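Residues per chain are reported as follows:
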Amino acid sequence: MAVAANLDKLLVKAYEETPLEQLPDAPVGALAGVSEADAEALAKAFGVKTVRDLGRNKYFRAAAAIVDLAEASR
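In this text the structure is predicted, and so the values were computed from the model without any measurement.

Calculation notes
Residues numbered from 1 in each chain as written. Predicted model: local features only at pLDDT ≥ 70, side-chain atom pairs only at ≥ 80, totals over all residues. Heavy atoms only, no water. Helix = DSSP H or I, 4+ residues; strand = E, 2+ residues; numbered from the N terminus. Polar contact = N/O pair within 3.5 Å; in protein donor to acceptor, adjacent residues only side chain to side chain. Contact = heavy atoms within 4.5 Å. Phe/Tyr/Trp six-rings, centres within 6.5 Å; stacked < 30°, edge-to-face > 60°. Buried < 20%, exposed > 50% of the residue type's maximum accessible area, 1.4 Å probe, protein only. Salt bridge = Lys/Arg side-chain N within 4 Å of Asp/Glu carboxyl O.

Q: Please explain the side chain of N57 as it appears in this structure.
A: Among the secondary structure elements, N57 is positioned in the loop between α2 (51-56) and α3 (58-72). Here the side chain of N57 touches Y59 through a polar contact of 2.8 Å, landing on its backbone nitrogen. Those residues in contact with N57 that sit more than four places away from it in its chain are F46 and V48.

Here is the structure:
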């Protein structure tokens, strides 16, 4: 199944044309708003180096789930 999405606002310019299936393996710095210092801190604190690492990190997933559940319970 083909998936198309405009992710330009979520990515830095250099990754805007990257195919979706390649983005999970892009460095976390490919995400707009993640600076070089942020990327280094994520790697040091959580071992997060790629978009996939960030998306699969148990702490980030737990935080997202808690926020989603809290918002759904309103």
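Additional details are given in the paragraphs that follow.
Q: Please clarify how the packing of aromatic side chains should be interpreted in this entry.
A: In this description, an aromatic ring pair is defined by two values, namely the gap between the centres and the angle between the planes. Inspection of the entire model under this criterion finds two aromatic pairs. Relative to Y59, the ring of F46 has its centre 5.9 Å away and its plane inclined at 50 degrees; by these criteria the two rings are tilted. Within this pair, whereas F46 is found in helix α1 (residues 36-46), its partner Y59 is found in helix α3, the two being separated by 13 residues in sequence. A relative accessible area of 39% places F46 in the partly exposed class. Note on F46 and F60: the rings are 5.2 Å apart at their centroids and 70 degrees apart in plane angle, and the pair reads as edge-to-face. Of this pair, F46 sits in helix α1 while F60 sits in helix α3, and the two are 14 residues apart along the sequence. Residue F60 is classed as partly exposed on the basis of its relative accessible area, which comes to 32%.

Q: Hey, could you run me through the pattern of salt bridges in this one?
A: When the charged atoms of two side chains with opposite charge come close together, those side chains can pair. Applying the stated criterion to the full structure yields two salt bridges. The closest approach of N and O atoms between K13 and E16, which form a salt bridge, is 3.7 Å. K13 sits in the exposed class, given a relative accessible area of 66%. A salt bridge links R52 to D25; the shortest N-O distance between them is 3.1 Å. You can see R52 sitting in helix α2 and its partner D25 sitting in the segment before α1, a full 27 residues away along the chain. Of the residues examined, R52 reaches a relative accessible area of 41% and is grouped as partly exposed.

In short, the description is geometric, and any link to function would need to be established separately.
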